[in-house]
Amino acid sequence: MNKIKILSGTDRPDSNALKIAEYIFPKLKGYGAQSEIISMRDFPVKDVAGGRYGESISSVEEYNKRVLDCDGLIMIIPEYNGGFPGILKLFIDYLPFPKAFEKLPIAFIGEASGSFGALRAVEQMQMICNYRNAYLFPERVFIQRVGKQFSPTEGFEDKMTEELLESLLKNFVAFTDRNKGVRERGAGL
Ligand SMILES: Cc1cc2nc3c(=O)[nH]c(=O)nc-3n(C[C@H](O)[C@H](O)[C@H](O)COP(=O)(O)O)c2cc1C
């Protein structure tokens, strides 16, 4: 069974990204994946204060292992100021280089209050993940006006978004299947 982690991309309390992660979690299991939600809220920010790049920090290593011990990763990315949240960049800047994302299948779901559904934020993140040699899954979902059109219990008002989400989840499980074994398990950890 493939292990697919869901990364909720912000440390903001009461985050929509986390609600969406919780919404997709059972669906992903329904498509045959073993899954776990990890929130950027649990990233040990305090332990990197002052700039501790290149140091061995056990709390960061533990966090990274939780995220990276998988066959695929789904990032839920909110849009903050036309980009993705800073905490996500901090996380990436403390990942082991170069192997952490190497050949790791990654899928992207954007969510925002605005009408572009975090398109900019997702594309910026895709550029970075591409630089880090991840296998970018081509289907993406952009959740527009998230506060209006998403409810954790009812799902999406816009049925097209719901369909795109189901398609992403189903096909991402197959994508991780096809790429299983390509990536060394625990690479760079
Ligand atoms: C610091 C900050 C900056 C934001 N900037 C944007 C933005 O540039 N475009 C947009 O559409 N929404 C923006 N929003 C709204 C968020 O995208 C929206 O509230 C989203 O659901 C936040 O995700 P979260 O609840 O997971 O934090 C911003 C919100 C915050 C907190």
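The following paragraphs examine the structure supplied in this document. Everything numeric in this text was worked out from a predicted model, so none of it was measured.

**Points about the overall build of the protein chain**
At step 1: A tally of regular secondary structure across the protein chain gives 6 helices and 7 strands.
At step 2: Secondary structure of the protein chain in N-to-C order comes out as β-α-β-α-β-α-β-α-β-α-β-β-α.
At step 3: Expected size for 189 residues packed as a compact globule is a radius of gyration near 16 Å; at 16 Å, the protein chain falls within 12% of this value.
At step 4: The dimensions of the protein chain, computed from C-alpha atoms along their principal axes, are 45 × 35 × 25 Å.

**Focus: the nonpolar core**
At step 1: Counting residues in each nonpolar core, the largest one holds 51 residues, and the members touching the most others are Ile-74, Met-75, Ile-76, Ile-77 and Ile-106.
At step 2: The residues touching Ile-77, leaving out its near neighbours within four places in the chain, are Gly-9, Phe-84, Phe-108, Ile-109, Gly-110, Ala-118, Ala-121, Val-122 and Met-125.

**Details of the sheet that holds strand 5 (residues 135-143)**
At step 1: On the basis of which strands lie adjacent, the open sheet formed by 5 strands has the order 2-1-3-4-5 and parallel pairing. Of all the strands in the sheet, the pair left with one neighbour each is strand 2 (34-39) and strand 5. Within this sheet the neighbouring strands show an average axis-to-axis angle of 20 degrees, counted without direction.
At step 2: The pairing of strand 3 (residues 72-78) with strand 4 (residues 105-111) spans 6 bridges and is classified as parallel. Each residue of the ladder has a partner; that of Ile-76, found in strand 4, is Ile-109.
At step 3: Across the sheet, helix 4 (residues 119-131) touches strand 3, strand 4 and strand 5, and the angle it forms with strand 4 is around 160 degrees.
At step 4: Across the sheet, helix 6 (residues 159-179) touches strand 1 (3-8), strand 3, strand 4 and strand 5, and the angle it forms with strand 5 is around 165 degrees.

**Let's talk about unusual backbone geometry**
At step 1: Here the bond from Phe-97 into Pro-98 is cis, since omega is 5 degrees, no more than 30 degrees from zero.
At step 2: The phi angle at Asp-14 is positive, at roughly 55 degrees, despite the residue not being glycine.
At step 3: Within the fold, Asp-14 resides in the loop between strand 1 and helix 1 (16-30).
At step 4: For Asp-14, a count of 6 C-beta atoms within 10 Å translates into the label exposed.
At step 5: Its identity as a non-glycine residue notwithstanding, Ala-118 has a phi of 70 degrees, on the positive side.
At step 6: Looking at the secondary structure, you find Ala-118 in the loop between strand 4 and helix 4.
At step 7: Given 32 C-beta atoms within 10 Å, Ala-118 falls into the buried group.

**Looking at helix 1**
At step 1: Here helix 1 spans 22 Å end to end across 15 residues, near enough to the 21 Å set by a 1.5 Å rise per residue.
At step 2: Along helix 1, the positions that sit buried rather than exposed are Asn-16, Ala-17, Leu-18, Ile-20, Ala-21, Ile-24 and Leu-28.
At step 3: Just beyond helix 1, the residue with positive phi is Gly-32, at close to 100 degrees.

**Focus on the packing of helix 1 against helix 6**
At step 1: Running from N to C, helix 1 and helix 6 point in directions that differ by 50 degrees, and their axes come no closer than 9 Å. Viewed along their axes, helix 1 and helix 6 adopt a mutual orientation that is oblique. Considering how the two elements wind past one another, helix 1 and helix 6 form a crossing that is right-handed. Counting all contacts with helix 1, which are made through Ile-24, Lys-27 and Leu-28, the residues of helix 6 involved are Leu-165, Glu-166 and Leu-169.
At step 2: Partitioning the contact of helix 1 with helix 6 into residue classes produces 4 nonpolar, no polar and 2 charged.

**Some remarks on the pairing of strand 2**
At step 1: With 6 bridges connecting them, strand 1 and strand 2 associate as parallel partners. Directly across from Lys-3, in strand 2, lies its bridge partner Gln-34.
At step 2: Handedness of the β-α-β unit built from strand 1, helix 1 and strand 2 comes out right-handed.

**Some thoughts on the environment of Thr-161**
At step 1: One can find Thr-161 in helix 6.
At step 2: The spacing of Thr-161 and Gln-144 is 17 residues in sequence and 9.1 Å in space, taken between C-alpha atoms.
At step 3: Thr-161 has contacts with Val-141, Ile-143 and Phe-156, leaving out every residue within four places of it along the chain.

Analysis parameters
- Residues numbered from 1 in each chain as written.
- Predicted model: local features only at pLDDT ≥ 70, side-chain atom pairs only at ≥ 80, totals over all residues.
- Helix = DSSP H or I, 4+ residues; strand = E, 2+ residues; numbered from the N terminus.
- Rg over C-alpha atoms; globule rule 2.2 N^0.38 Å.
- Core = buried A, V, L, I, M, F, W, Y, C linked by C-beta atoms within 7 Å.
- Buried ≥ 20, exposed ≤ 12 C-beta atoms within 10 Å, placed from the backbone.
- Contact = placed C-beta atoms within 7 Å.
- Pairing = 2+ DSSP bridges.
- Axes fitted to C-alpha atoms, helices over the stretch in contact; angles between N-to-C directions.
- Expected span 1.5 Å × (residues − 1).
- Parallel < 35°, antiparallel > 145°, perpendicular 65-115°, else oblique.
- Left-handed = near helix turned anticlockwise from the far one by under 90°.
- Nonpolar A, V, L, I, M, F, W, Y, C, P; charged D, E, K, R; others polar.
- Right-handed = clockwise from strand over helix to strand, strands pointing away.

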